[in-house]
Amino acid sequence: MGTKLKARLQQKNILVAPGAHDVLTAKIIEDTGFEAVYMTGYGTAASMLGQPDVGLLTQVEMATRARNIVDRVNIPVIADADTGFGNAVNMIRTTRLYESAGVAMMQIEDQVAPKKCGHMLGRDVVPLEEMVGKIQAACDARRGDMLIMARTDARTNYGLEEAIKRGKAYEKAGADVLFIESVETEEEMRVVTSSFNVPVLANMLEHGRTPLLSAGRLQDIGYNLVIFCVSSVYAEARAVSELMKTLKREGTTENFIKYMIPFEEFNQLLNLPEIRAAEEKYYTGRKADYENNK
């Protein structure tokens, strides 16, 4: 999938990769017609741990979530790998785990551990030379076509000039895509997109530090790829909160059914017909009335 993703990033039209915090969300993204999905560390921390994105997830937990998503979609999966979960030596294993999971592009960042969401304050970055070594280790550890995306969080504490300096060093180290996190104006965005020779990603986080722009506007500015990393997380949290308030208040979900996906449609989304077909094709010891879901 890395080769497919690389070719897509060479096209003129910007690639939109919505964020998925679980496999169900990734399937909805694919079924809606998007060409790629972004596995969000922020959303995965919320989904798996009920905790904020502050470096609590482990290497294996993240790689396993990535593998599960890859297994159920047929579009490239771009996966957050935080800081690589250690130094350059740890990065080698992280790269191998993500590559064996089938990830099309792995994202790594230059934060000091434990890392934080890129729109939170209190972040700091490792020395430039250390991150360059980690990128080189990731590139050397690859056995296939997985792409490496390098992110810098230097903008918030050290300014745009330092972030651009780091981006250029990361490009030279072998990064296939660059991610300058938390730029704060459209003018800064234009500086970013005109500074490199590899594709550049825009991160659209609602209520974050970066202006929230449309994909078309970001394309005009010069971005090649945009992630809407946590939109589905916020939407789900709001929807479930409203559902629980309704159930608590009324003692029934009857007045909320209009907002729910129907039983049959949900089963179709999860590819239940494939399971039914397998049960008919292979002996499973089951005899079912498939027409009536019995």
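For the structure given in this document, a descriptive report is provided here. (Residues numbered from 1 in each chain as written. Predicted model: local features only at pLDDT ≥ 70, side-chain atom pairs only at ≥ 80, totals over all residues. Heavy atoms only, no water.)

1. Observations regarding unusual backbone geometry
A cis amide bond links Ala113 to the next residue, Pro114, at an omega of 0 degrees. Structurally, Pro114 can be placed in the loop between strand S4 (105-109) and helix H6 (128-141). Notably, Asp82 is not glycine yet its phi reads approximately 50 degrees, a positive angle. Inspection of the secondary structure assignment puts Asp82 in the loop between strand S3 (77-80) and helix H5 (88-100). Of note, the phi angle at His207 is positive, near 70 degrees, even though the residue is not glycine. Structurally, His207 can be placed in the loop between strand S7 (200-203) and helix H10 (215-221). Assessed through its relative accessible area of 83%, His207 is described here as exposed. (Helix = DSSP H or I, 4+ residues; strand = E, 2+ residues; numbered from the N terminus. Buried < 20%, exposed > 50% of the residue type's maximum accessible area, 1.4 Å probe, protein only.)

2. Focus on the pattern of salt bridges
Under the definition given, this model contains 18 salt bridges. The shortest N-O distance in the salt bridge between Lys115 and Asp53 comes to 3.0 Å. Separated by 62 residues along the polypeptide, Lys115 in the loop between S4 and H6 and Asp53 in the loop between helix H3 (41-49) and helix H4 (59-72) bring together distant segments of the chain. For Asp53, a relative accessible area of 7% corresponds to the buried category. Look at the salt bridges and you will find they share partners, linking Asp53, Asp82, Glu109, Lys115, Arg123, Arg151, Asp153 and Glu181 into a network. (Salt bridge = Lys/Arg side-chain N within 4 Å of Asp/Glu carboxyl O.)

3. Let's talk about the layout of surface pockets
Leftover empty space is mapped by rolling, across the atoms, a probe with the size of a water molecule. Computed from the structure, the largest pocket encloses a volume of approximately 410 Å³. If you go around the largest pocket, you meet 16 residues; those closest to its centre are Ile28, Ser232, Ala235, Glu236 and Ala239. Contributions of two or more residues to the lining of the largest pocket are made by helix H2 (23-32) and helix H11 (231-250). A per-element tally of the lining of the largest pocket places H11 first, with 6 residues. Of the residues contributing to the lining of the largest pocket, the split by class is 11 nonpolar, 3 polar and 2 charged. (1 Å grid on protein atoms, 1.4 Å probe; cavity = no way out; pocket = protein on both sides within 12 Å on 5 of 7 lines; lining within 4 Å. Points joined across faces, edges and corners; volume = space filled by probe spheres on them. Nonpolar A, V, L, I, M, F, W, Y, C, P; charged D, E, K, R; others polar.)

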